[in-house]
Amino acid sequence: MMKQTTLKGSFSLFGKGLHTGLNLTVTFNPAPENTGYRIQRIDLEGEPIIEAVAENVVDTQRGTVLAKGDVKVSTVEHGMSALYALGIDNCLIQVNGPEFPILDGSAIMYVEKIKEIGIVEQNAPKDYYVIRHKMEIKDEKSGSCITILPDEDFSITAMCSFESKFISSQFATLDNMENFAKDIAAARTFVFVRDIEPLLNANLIKGGDMDNAIVIYERQVEQEKLDKLADLLGVPRLDATKLGYIQHKPLVWDNECTRHKLLDIIGDMALIGKPIKGRIVATRPGHTVNNKFARLMRKEIRKHEVQAPFYDPNEPPVMDVNRIRELLPHRYPMQLVDKVIEIGPTSIVGLKNITSNEPFFTGHFPEEPVMPGVLQIEAMAQCGGLLVLNTLDEPERWSTYFMKIDNVKFRQKVVPGDTLLFKVELLAPVRHGVSSMKGYMFVGDTVVSEATFTAQIVKNK
C-alpha cells in the first residue's frame with residue numbers, strides 16, 4: 001500500500017517577487033500526515049496559515065492567489081506543481097511576504113531542492129481519488145476546456161492555441177509523473193510584449209526580467225514605444241522590425257510555452273487536496289478554468305468521501321468461497337461473503353451478491369424485500385475476520401468474535417439484485433488478540449452502511 005510522504009528536512013529559496021519586486025524567501029518544511037499543503041505568512045503578526053485548497057483561491061488573472069481573510073499569497077503554482085508531481089502529500093510552506101519568489105519562472109529549482117533534501121514515507125496510507133467517469137468543465141467565453149477521464153495513474157495532455165505565428169498551436173503531454181523533473185519542470189512562464197506595458201503601467205509586475213520568462217514579440221509596434229518598454233525592463237533596446245522571441249535564454253523545448261501551461265495545471269490540481277488517478281485533457285488552459293475544475297473535483301470528492309473499491313469480475317478472486325469456508329466457521333445461511341478480491345496488511349475488499357433467494361427475504365419483508373441491517377454488519381464483520389485471520393500462522397485454528405460495534409449508519413436499502421462490496425480497514429495493529437476495524441459497504445459507488453467494530457481472536461477448541 002502506498003503511504004503518504006513529506007520532506008526529510010527543510011529547504012529555502014530566495015528571489016524577487018514578480019508582482020511586488022520584494023526580496024522574498026520561501027521555505028518548505030516537513031508536515032504531519034493528513035495535513036496536506038499549508039502556507040504560512042511568517043512576516044505577519046500571528047503568522048497566519050492558509051490552507052492550500054481550491055476554495056481559498058481568490059484571483060487567477062496573473063497566477064494563482066490564495067487567501068484567508070485579508071491575508072494573501074500569490075504565484076504559488078510553480079512550487080505547488082513540484083510538490084504534487086514528486087508525490088509529496090504534506091508540507092508546511094513559510095513565506096516572508098505576499099508571494100512566492102518568481103525565481104527563473106519555472107519549477108526546476110523547487111524540484112532540485114526537493115530531490116536534494118529527500119522524501120520520507122509516513123504512516124498514513126496515500127488517499128488517491130480514482131476517476132470512475134468522465135468529468136468536464138468549459139469556459140465558453142475563452143474556449144477553455146478541461147476534461148478528466150478514467151486512467152490507472154495521473155497523466156495530463158495540454159493543447160494551446162494563441163493568436164501568434166510563433167506559438168499559434170502547440171501540444172504537450174506527460175504520461176508518467178516520474179518524468180516531470182526531466183520533461184516539464186524547467187518550462188518557464190511566458191508573456192507577450194503587447195501585454196507587458198499594461199501590466200507595468202498598472203504596477204502588476206515589478207520583479208520580472210528577461211531571465212525569468214519567455215518574452216514573445218509578435219506584433220510590431222513603434223520603435224519609440226518598444227524603446228520605452230526596454231528601458232522600463234532594464235534591457236537593451238531592440239529593433240522594432242524584428243519579431244520573435246527576445247528572452248536572454250534560448251528555448252529549452254520548441255513547445256516550452258505549452259509545457260509551462262501543463263506545469264501550471266499540475267500546480268492548480270495540487271489544490272484539490274488528494275492525488276488523482278485519471279487522465280486530464282486540457283484545451284486552452286489557464287488558471288481560471290484550472291481553478292474551476294479543481295473546485296468541481298473537490299465537490300465530487302466530498303460527495304464520495306469514501307470511494308468504493310474497484311471491482312473487475314474478470315479478475316480471479318484472492319479468496320474464493322472454498323477458501324473462505326476453510327477460514328470462517330459460518331455456513332449457509334450465515335456465510336455472507338462470496339469472495340475476497342483484494343487483501344493487504346491492513347485492509348480487505350470482499351463481495352456478496354444479493355439474490356431474491358436469500359432466506360431472510362422470506363420474512364424481511366415479503367412484499368418489499370430488504371436485507372436486514374444486522375446482517376449487513378455481520379457481513380462486514382465476517383470480511384474483517386478474514387482480514388485478521390489472514391495475518392496469523394495456521395489461521396484455520398483461530399476464530400474471531402466481535403466484542404463491540406460502534407458508529408453504525410445505514411444510508412440506503414439493500415435489495416435483491418444488489419452486489420455488495422465490503423471494504424474493511426484496521427484502525428490499529430492487533431494487540432493482545434484484540435483488533436479494531438472500520439467497515440464500509442457499497443452498492444455501486446454509494447456507501448449503504450458503515451460501522452466500527454472490535455474483535456477478539458480466539459484459538460479454536
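An account of the accompanying structure is given in this report. Quick caveat, the model's predicted, so the values are computed rather than measured.

## What about unusual backbone geometry?
Piece 1. Across the junction of Tyr-332 and Pro-333, the peptide omega takes the value 5°, indicating a cis bond.
Piece 2. Structurally, Pro-333 can be placed in the loop between helix H8 (321-327) and strand E20 (339-343).
Piece 3. Cis peptide bonds are those with omega within 30 degrees of zero, and the linkage from His-364 to Phe-365 qualifies with -5°.
Piece 4. Within the element layout of this structure, Phe-365 appears in the loop between strand E21 (347-353) and helix H9 (373-389).
Piece 5. If you check the backbone angles, Asn-34 has positive phi at about 65° while not being a glycine.
Piece 6. With respect to the helices, strands and loops of the structure, Asn-34 is situated in the loop between strand E3 (23-30) and strand E4 (37-41).

## Observations concerning the side chain of Gln-4
Piece 1. With respect to the helices, strands and loops of the structure, Gln-4 is situated in strand E1 (residues 3-7).
Piece 2. For Gln-4, the side chain forms a polar contact with the side chain of Asn-34, separated by 2.7 Å.
Piece 3. Among the polar contacts made by the side chain of Gln-4, one reaches the side chain of Asn-90 at a distance of 2.9 Å.
Piece 4. When residues no more than four places from it in sequence are discounted, the contact partners of Gln-4 are Glu-33, Asn-34, Asp-89, Asn-90, Val-120, Glu-121, Gln-122, Ala-124, Pro-125 and Lys-126.

## Digging into the pairing of strand E23 (residues 419-426)
Piece 1. Alignment of E21 against E23, held across 7 bridges, turns out to be antiparallel. Counted as the bridge partner of Ile-348 is Val-424 from E23.
Piece 2. As judged from the 7 bridges shared by E23 and strand E24 (residues 434-443), these two strands associate in the antiparallel manner. For Phe-422, the partnering residue across the bridge sits in E24 and is Met-441.

## Quick word on helix H2 (residues 108-117)
Each turn of an α-helix holds 3.6 residues, which means side chains three or four residues apart point in the same direction.
Piece 1. Those residues of H2 lying buried are Ile-108, Tyr-110, Val-111 and Ile-114. In a view along the axis of H2, the buried residues occupy a sector of 160°, so they form one face of it.
Piece 2. Phi turns positive one or two residues past the end of H2, at Gly-118, with a value near 100°.

## Some details on the packing of helix H6 (residues 256-269) against helix H7 (residues 287-303)
Piece 1. Remark: H6 packs on H7, axes separated minimally by 9 Å, with the N-to-C direction vectors making an angle of 35°. In the crossing of H6 with H7, the sense of the turn from one axis to the other is right-handed. Taken together, the residues of H7 that come into contact with H6 (itself represented by Asp-264, Ile-265, Asp-268 and Met-269) are His-287, Asn-290, Phe-293 and Ala-294.
Piece 2. Counted by class, the contact of H6 with H7 contains 4 nonpolar, 2 polar and 2 charged residues.

## Details of the sheet that holds strand E18 (residues 244-245)
Piece 1. Pairing within the open sheet is mixed, and its 3 strands lie in the order E16-E17-E18. At either margin of the open sheet sits one strand with a lone partner, and together these are strand E16 (190-192) and E18.
Piece 2. The pairing of E16 with strand E17 (residues 214-217) spans 3 bridges and is parallel. Paired with Phe-190 across the bridge in E17 is Ile-214.

Definitions and limits used
Residues numbered from 1 in each chain as written. Predicted model: local features only at pLDDT ≥ 70, side-chain atom pairs only at ≥ 80, totals over all residues. Heavy atoms only, no water. Helix = DSSP H or I, 4+ residues; strand = E, 2+ residues; numbered from the N terminus. Polar contact = N/O pair within 3.5 Å; in protein donor to acceptor, adjacent residues only side chain to side chain. Contact = heavy atoms within 4.5 Å. Pairing = 2+ DSSP bridges. Buried < 20%, exposed > 50% of the residue type's maximum accessible area, 1.4 Å probe, protein only. Arc of directions from axis to C-beta. Axes fitted to C-alpha atoms, helices over the stretch in contact; angles between N-to-C directions. Left-handed = near helix turned anticlockwise from the far one by under 90°. Nonpolar A, V, L, I, M, F, W, Y, C, P; charged D, E, K, R; others polar.

Geometry only, nothing functional implied.
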